[in-house]
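Coordinate analysis (summary)
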Amino acid sequence: MSEERSLNFIEEIIEEDIRSGKHGGRVHTRFPPEPNGYLHIGHAKSICLNFGLAKKYNGLTNLRFDDTNPEKEETEYVDSIKEDVRWLGFEWANELYASDYFEQLYEFALKLIKKGRAYVDDSTAEEIASQKGTPTEPGTPSPYRDRSVEENLRLFAEMREGKYTDGEKVLRARIDLASPNMHMRDPLMYRIRHAEHHRTGNTWCIYPMYDFAHGQSDSIERITHSVCTLEFIPHRALYDWFIEELEIFPSRQYEFARLNMTYTLMSKRRLLQLVNEGFVNGWDDPRMPTISALRRRGYTAASIRDFCERIGVAKRENVIDVSLLEFCVREDLNKTAWRRMAVLDPVKLVITNYPEGQHELLEGENNPEEEGGGGSRQIPFSKELWIERDDFMENPTKKYFRLGPGLMVRLKHAYIIKCEDFVKDESGNITEIRCTYVPESKSGSDTSGIHVKGTIHWVSVPHAAKAEVRLYDRLFLSEEPAAEGRDFREHINPESLQVLPDVYMEADLARAEQGRGYQFIRKGYFTLDKDSKPGALVFNRTVTLKDTWAKAAKKG
RNA sequence: UGCCCGAUAGUAUAAAGGUAGUACAACUGAUUUUGGUUCAGUUUGUCUAGGUUCGAAUCCUGGUCGGGCAACCA
């Protein structure tokens with residue numbers, strides 16, 4: 001069937017399950033975010049995995065919000081999560097919430113109490129912690145561990161009724177205080193929280209813990225393959241224990257290694273810190289690794305899906321080189337982005353032998369990668385142009401292919417020019433470059449016979465549109481800003497955002513559409529920012545072009 | 001010190017006892033009206049010690065190294 005013979009370990013498990021007829025060959029996964037923050041590229045890996053698995057094996061995927069902690073969860077996050085999953089190109093079978101199951105979960109708890117498998121504990125958090133023992137020493141029983149079923153039933157009902165304050169009592173599973181797996185030492189099932197929940201409001205004052213909600217939710221939804229990250233491995237024994245004791249649908253949990261990426265952070269807690277402490281301007285600041293930030297920056301959904309495909313799925317801890325993500329977006333944008341010219345750091349160039357007041361329209365294809373150039377646009381040309389300041393060198397080095405005194409270069413889509421002279425101000429800055437052009441070298445009908453090594457981009461001075469351009473670089477200077485013993489705040493790149501307020505570009509760009517990628521020739525991929533307004537254009541740089549010249553120049 | 005997971009080029013990921021391959025990165029060169037793209041090529045790898053086997057990255061045993069686990073978070 002599958003041509004690409006190599007499967008990841010989860011696909012192998014699923015194919016084996018299908019072969020053996022488990023669940024009648026049915027595959028049903030879920031993506032279970034907690035709505036307490038925005039989704040990041042690490043979640044994209046999980047989304048692509050869960051939805052991708054279901055798609056590949058003709059199954060379904062639920063979107064389930066794991067909302068069992070009313071103090072951290074908000075509707076704003078629910079909305080952003082839905083938007084991000086959709087944008088990535090996935091369709092969920094059902095939109096569900098763990099809070100939908102609160103009543104059912106309560107019934108499950110009752111069942112365990114009646115079986116003598118759960119008890120109400122009056123111990124404080126500190127007492128319970130010390131009762132757990134240590135990895136090498138067994139725990140000790142709580143003095144309340146052997147309450148009667150009747151008493152437990154009454155107390156638990158009273159907990160629900162609101163008779164107790166936060167922390168006064170908890171419901172615990174009665175398992176094994178000597179288990180080498182700490183999670184099996186009578187874990188908490190319910191705690192009291194007199195807090196308003198984003199969906200259930202004040203209906204409840206007791207809330208189930210993750211371990212007493214997640215597996216049961218999977219089971220209620222008849223999830224066949226519950227895929228999560230490595231840190232939940234020790235929870236699996238508990239996951240299975242509850243399912244067995246409750247005698248409910250046997251969902252199974254499988255764990256893979258979460259995504260880590262160089263030069264960024266991947267923990268919601270730290271990302272929240274970046275937002276709250278003002279290191280970035282919100283969750284969708286284009287320097288963030290969140291899906292919303294990547295989208296705003298100009299990353300395409302296709303490129304993120306491709307990235308998730310390429311990084312693979314395994315159990316080994318990994319740190320992916322961010323250059324792979326950049327490669328993926330360049331590869332996608334190279335095929336789809338319209339080429340335009342924009343001069344980021346302008347210096348004036350005057351063509352002395354071009355008639356004053358004359359201008360003409362030249363043609364430039366939208367995308368040379370597309371068949372037939374993907375259509376074209378007209379580019380106004382005139383006597384005065386803006387060119388890039390670093391496309392001129394007063395004393396050019398031997399391998400410099402651009403402009404310098406006496407040197408010739410091609411103006412993209414236009415003519416070959418020769419630098420005759422240049423003007424400097426008192427402080428030695430070049431203020432104007434004076435050239436002559438070769439009339440018979442016009443792009444497309446060049447009869448000059450002249451061959452030049454370099455081609456530069458330009459914008460006609462009287463026709464230029466002006467825009468603000470935001471250049472983004474990695475947020476951190478260190479490959480692993482959150483590595484052990486580090487305060488990531490000390491590794492922030494002070495130059496991660498560079499704002500260019502006055503960039504000249506082709507007037508055509510005034511009609512740029514949001515969500516579309518543009519390649520500013522020789523400069524990189526850009527996209528219109530949401531801050532942009534007619535007459536006050538704002539572009540974000542998605543990623544630079546690969547620049548082997550800059551690399552070579554840096555080396556000397 | 002208990003339990004659990006893992007270990008293949010710089011980074012990831014394949015090879016289900018039979019030629020260690022692929023991608024990114026790096027480096028050469030060719031092409032190019034983007035120092036982009038494309039194309040061709042190069043460099044670099046099975047943690048370790050034993051064992052089983054005609055044959056081990058793969059199976060077994062010991063070790064080493066890395067990570068996780070003792071929240072009324074998920």
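Residues numbered from 1 in each chain as written. Chains lettered and ligands numbered in written order. Predicted model: local features only at pLDDT ≥ 70, side-chain atom pairs only at ≥ 80, totals over all residues. Heavy atoms only, no water.

**What to know about the overall build of chain A**
Rule in force here: What counts as a helix is a DSSP run of H or I of at least four residues, what counts as a strand is a run of E of at least two, and both are numbered from the N terminus. Between the two quantities, the radius of gyration covers C-alpha atoms and the globule rule is 2.2 Å times the number of residues to the power 0.38. Three exposure classes are used, based on accessible area relative to the maximum for each residue type with a 1.4 Å probe and protein chains only: buried under 20%, partly exposed in between, and exposed over 50%. By the convention used here, residues are in contact when the closest approach between their heavy atoms is within 4.5 Å. Every accessible area reported is derived by Shrake-Rupley at a probe size of 1.4 Å, with residue values counting cover from the shown protein chains alone.
When helices and strands are counted, chain A shows 13 helices and 25 strands. Over its C-alpha trace chain A gives a radius of gyration of 31 Å, far above what one expects of a compact globule, namely 24 Å for 556 residues. Considered along the principal axes of its C-alpha atoms, chain A spans approximately 100 × 55 × 45 Å. Buried positions account for 53% of the 556 residues belonging to chain A. Intrachain contacts of chain A at a sequence separation of at least 6 include 70% that bridge at least 24 residues. A total of about 25,700 Å² of accessible surface is found on chain A, and carbon and sulfur atoms cover 48% of it.

**Overview of the pairing of strand S22 (residues 497-505)**
Note the following rule: Strand pairing requires that DSSP identify at least two bridges connecting the strands.
In terms of strand pairing, strand S11 (residues 342-343) meets S22 through 2 bridges, oriented antiparallel. When the sheet's bridge partners are listed, Val343 is paired in S22 with Tyr504. Across 7 bridges, strand S21 (residues 465-472) lies against S22 in antiparallel orientation. Opposite Leu471, over in S22, you have Gln498 as the bridge partner.

**Brief notes about the packing of aromatic side chains**
For any pair of aromatic rings, geometry is given as the distance between the ring centres together with the angle between the planes. Basically, it comes down to this: In this scheme Phe, Tyr and Trp rings, the latter by its six-membered ring, pair at centre separations within 6.5 Å, and the angle between planes marks the pair as stacked below 30 degrees, edge-to-face above 60, and tilted otherwise. Over a ring means this: the NZ of a Lys or the CZ of an Arg is within 6 Å of the ring centre and within 35 degrees of the ring normal.
Within the structure shown, the criterion is met by 25 aromatic pairs. On the numbers, 5.4 Å between centres and 75° between planes, the contact of Trp241 with Phe242 is edge-to-face. Under the relative-accessibility criterion, Trp241 is labelled buried at 12%. Measuring from ring centre to ring centre gives 4.8 Å for Tyr415 and Tyr437, while their planes differ by 80°; the resulting arrangement is edge-to-face. Of this pair, Tyr415 sits in the loop between strand S16 (408-411) and strand S17 (416-424) while Tyr437 is found in strand S18 (residues 430-438), placing the two residues 22 residues apart along the sequence. Each member of the pair, Tyr415 together with Tyr437, is buried. Grouped by ring-pair contacts, the aromatic residues Phe102, Tyr106, Phe156, Tyr190, Trp204, Tyr207, Phe212, Trp241 and Phe242 constitute a single cluster. One Lys or Arg, Arg295, reaches over the ring of Trp87 and ends 5.2 Å from the middle of that ring. A cation over an aromatic ring shows up here: Arg474 above the ring of Tyr263, its NZ or CZ 4.1 Å from the ring centre.

**A word on the protein's contact with RNA strand B**
Stated precisely, the cut-off is as follows: Note on definitions. A residue lies near a molecule or strand when any single heavy atom of the residue is within 4 Å of it. Side-chain atoms alone can form a polar contact between residues adjacent in sequence; in general such a contact is a pair of N or O atoms within 3.5 Å, and within protein one must be able to donate a hydrogen while the other accepts it.
Lining the immediate environment of RNA strand B, one finds 67 residues, of which Arg316, Arg339, Ser443, Gln519 and Lys551 sit closest. Each atom of RNA strand B within 4 Å of the protein was classed as base or backbone; sugar and phosphate made up 63%. Between RNA strand B and Phe401 there is a distance of 2.8 Å, counted from a base oxygen to a backbone nitrogen or oxygen. Taking His413, its main chain carries an N or O atom lying 3.3 Å from a base oxygen of RNA strand B.

**So, the pattern of salt bridges**
As a reminder, the rule being used: Throughout this description, the term salt bridge denotes a Lys or Arg side-chain nitrogen within 4 Å of a carboxyl oxygen of Asp or Glu.
Within this structure, the stated rule accounts for 52 salt bridges. Between Arg296 and Asp529 there is a salt bridge whose closest N-O contact spans 2.8 Å. With Arg296 in helix H10 (residues 291-297) and Asp529 in the loop between strand S24 (524-528) and strand S25 (537-543), the pair connects residues that are 233 residues apart, well separated along the chain. Of the two residues, Arg296 and Asp529, both sit in the buried class. One salt-bridge network, held together by shared partners, links Asp284, Arg296, Glu468, Arg470, Asp529, Lys530 and Asp531.

**A word on helix H12 (residues 322-336)**
Where we set the bar: For a helix, the expected span equals 1.5 Å multiplied by the number of residues minus one.
Compared with the 21 Å implied by 1.5 Å per residue over 15 residues, the 22 Å span of H12 between its first and last C-alpha is a close match. For H12, the complete set of buried residues consists of Val322, Leu325, Glu326, Cys328, Val329, Arg330 and Leu333. Buried residues along H12 sit in contact with H10, helix H11 (301-311), strand S10 (338-340), S24 and S25.

**Notes on the sheet that holds strand S1 (residues 28-31)**
The test is simple: Lines fitted to C-alpha atoms define the axes here, with helix axes fitted over just the stretch in contact, and angles between the N-to-C directions of these axes take values from 0 to 180 degrees.
One open sheet holds the 3 strands; their spatial order is S1-S2-S3, and the pairing between them is parallel. Strand pairing shows two members of the sheet lacking a second neighbour, S1 and strand S3 (94-97), which therefore form its edges. Taken pair by pair, the neighbouring strands of this sheet meet at an average axis angle of 30°, ignoring direction. Sheet topology note: the strand S2 (residues 60-65)/S3 ladder contains 4 bridges and is parallel. Paired with Asn62 across the two strands is Asn94, which belongs to S3. On the sheet, helix H2 (residues 41-56) packs against S1 and S2 and is oriented at approximately 160° with respect to S1. Where helix H3 (residues 75-87) meets the sheet, it contacts S1, S2 and S3, and its direction lies at approximately 160° from that of S2.

**Some remarks on the pairing of S25**
When you tally the buried positions in S25, you get 7 out of 7 residues, the bulk of the element. Here S21 pairs with S25 via 4 bridges, running parallel. Note on S25: the bridge partner recorded for Val469 is Phe539. Across 4 bridges, the pairing between S24 and S25 is antiparallel. What sits directly across from Leu528, in S25, is Phe539.

**Overview of the sheet that holds strand S6 (residues 188-192)**
With respect to topology, 4 strands assemble into an open sheet ordered S4-S5-S6-S7, the strand pairing being antiparallel. The open sheet is flanked by strand S4 (118-121) and strand S7 (206-208), the only strands paired with a single partner. When the angles between neighbouring strand axes are averaged without regard to direction, this sheet yields 20°. Direction of pairing for S4 relative to strand S5 (residues 170-173): antiparallel, over a ladder of 4 bridges. The residue bridging Tyr119 from the neighbouring strand is Arg172, located in S5. The strands touched by helix H6 (residues 149-161) are S4, S5, S6 and S7; relative to S4, the strand with the most contacts, the crossing angle is about 60°.

**What about the packing of H2 against H11?**
Worth spelling out the cut-off: Should an angle fall under 35 degrees it is called roughly parallel, over 145 degrees roughly antiparallel, and 65 to 115 degrees roughly perpendicular, with every other angle called oblique.
Close contact between H2 and H11 brings their axes to 9 Å; oriented N to C, the two are set at 75°. Between H2 and H11, the interaxial angle falls into the category roughly perpendicular. Here Ile41, Ala44, Lys45 and Cys48 of H2 come into contact with H11, specifically with Ile304, Arg305, Phe307, Cys308 and Ile311.

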